[in-house]
Amino acid sequence: RRARGAAAVSRCARAAARHRAMAALAEKPNVMVKVGMVGDSQVGKTTMMVKYVENRLDDEYIQTLGVNFMEKSITLRNTEITFSIWDLGGHREFLSMLPLVCNDAAAVLFMFDLSRKSTLTSIKEWYRQVRGLNRSAFALLVGTKYDVFVTLPPEEQAEIDRNARKFAKAMKAPCIFTSAHESINVQKMFKVILSRVFDLKCTLEKLVEVGEPLLIF
């Protein structure tokens, strides 16, 4: 009963957040959409953020110490929408900074490395931590490094694909496989965020077959 009650509260919170976002889209020339990125160290959160915001790759890995922050503006229905993207370092000592990333976020990307199974297993704890701070944000499960994933043996790809779908279903979240290096589903991921936050119809073609860069929403 308690679980059902929490789920109902979460649904109401998301509905209220969506209503506020739609009202802002109708009334304001500028709207800010905060997006949090969480996941284990070296899954590619900063790389993904830089790729989306600046359309470039930074091949020199520099560990995020604490929180990174970038912004990107787009135009939707004559409204300027600014994505405020917050990326939390994946080491546990940075958990104290999680509220900076999650509080007031409209969406949270739960990110894992498609070539490292342990990073998907960690999503369960990341999800628990985030939901303790923000019940209304839309969750997206994002697999990174799809370009590496496709080099794995077919049976390993199938196992990772199956487990990712299972996690996404439990989270009631879209499941998206991405590659910053190959520009796969990076822009589409943020289109899915827009459709969720503003309750818009998403016209993207879904990709659902095993081995494909999944785009399930």
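Just so it is clear, the model here is predicted, and its values are computed rather than measured.

K.L.:
Could you give me a rundown of the overall build of the chain, with the residues and numbers involved?
P.N.:
Along the backbone of the chain there are 8 helices and 7 strands. Within the span of the chain, comprising 217 residues, buried residues form 47% of the whole. For the chain, the share of sequence-separated contacts (at least 6 apart) that also reach a separation of at least 24 residues comes to 71%. Counting every atom, the chain has about 11,100 Å² of accessible surface; 51% of that belongs to carbon and sulfur.

K.L.:
Quick rundown of the side chain of S195? Include the residues and the values.
P.N.:
Along the chain, S195 falls in helix α8 (residues 186–197). On the basis of relative accessible area, S195 is assigned to the buried category, the value being 10%. Here V192 takes part through its backbone oxygen, which lies 2.7 Å from a polar atom of the side chain of S195. With near-sequence residues (within four places) excluded, S195 lies in contact with L200 and C202.

K.L.:
Residues and numbers for the nonpolar core, please.
P.N.:
Side chains of a nonpolar character, in soluble globular proteins, are inclined to be buried together. Membership of the largest hydrophobic core comes to 36 residues, with the highest contact counts inside it found for V33, F83, I85, L109, L140, I193 and F198. The set of elements that each furnish at least two residues to this core consists of β1 (30–38), α2 (45–54), β2 (67–76), β3 (79–88), β4 (107–113), β5 (138–144) and α8. Among the elements that take part in this core, α8 stands out by supplying 7 residues, more than any other. Dropping the residues within four chain positions of it, I193 is found in contact with V35, F83, A107, L109 and L140. Core analysis: the second largest hydrophobic core is formed by 29 residues, V101, A105, L120 and L152 among them.

K.L.:
So what about the pattern of salt bridges? Which residues, and what values?
P.N.:
Within the structure shown, the criterion is met by 6 salt bridges. As a salt-bridge pair, R128 and E125 come within 2.7 Å of each other at their nearest N and O atoms. Placement of the pair is R128 and E125 together in helix α5 (residues 123–131), with a separation of 3 residues, close to one helical turn. What makes R128 exposed here is its relative accessible area of 52%. With its nearest N and O atoms 2.4 Å apart, the salt bridge here joins D161 to R165. Here the residue D161 and the residue R165 both occupy positions in helix α7 (residues 154–171), the gap between them amounting to 4 residues, near one helical turn. Residue class for R165 comes out partly exposed when judged on its relative accessible area of 26%. Three or more residues are tied together by salt bridges with common partners; here these are D113, R116 and K145.

K.L.:
Outline the pairing of β2, supporting the account with residue identities and numerical values.
P.N.:
Pairing of β2 with β3 involves 10 bridges; the strand directions are antiparallel. The partner of V67 across the bridge, within β3, is L88. Following β2, the chain reverses through 2 residues before pairing antiparallel with β3; R77 in that reversal takes a positive phi of roughly 50°.

Rules of the game
The numbering scheme is per chain: residues are counted from 1 as the chain's sequence reads. Local features are withheld for residues below a pLDDT of 70 in this predicted model, meaning they are given only at 70 or higher, and side-chain atom pairs are given and counted only at 80 or more; totals for whole chains, interfaces and linings count all residues. Working from all heavy atoms in the structure, the side-chain values ignore hydrogens and water. Runs of H or I in DSSP of at least four residues are treated as helices and runs of E of at least two as strands, each being numbered from the N terminus. The buried label applies to any residue whose accessible area, calculated with a 1.4 Å probe on protein chains only, is under 20% of its type's maximum; exposed applies above 50%, and partly exposed to all values in between. The contact criterion used is simple: two residues touch if any of their non-hydrogen atoms lie within 4.5 Å. Only the protein chains shown count as cover for residues, and all accessible areas are computed by the Shrake-Rupley method using a 1.4 Å probe. Pairs of N or O atoms within 3.5 Å make up the polar contacts considered here, provided that, within protein, one atom can donate a hydrogen while the other can accept it, and that residues adjacent in sequence are counted only when both atoms are side-chain atoms. Within this scheme, the nonpolar core is defined by two criteria: the residues are buried Ala, Val, Leu, Ile, Met, Phe, Trp, Tyr or Cys, and they are joined through side-chain atoms within 4.5 Å. Every case where a carboxyl oxygen of Asp or Glu lies within 4 Å of a side-chain nitrogen of Lys or Arg is listed as a salt bridge. One bridge is not enough; two strands pair if DSSP finds at least two bridges between them.

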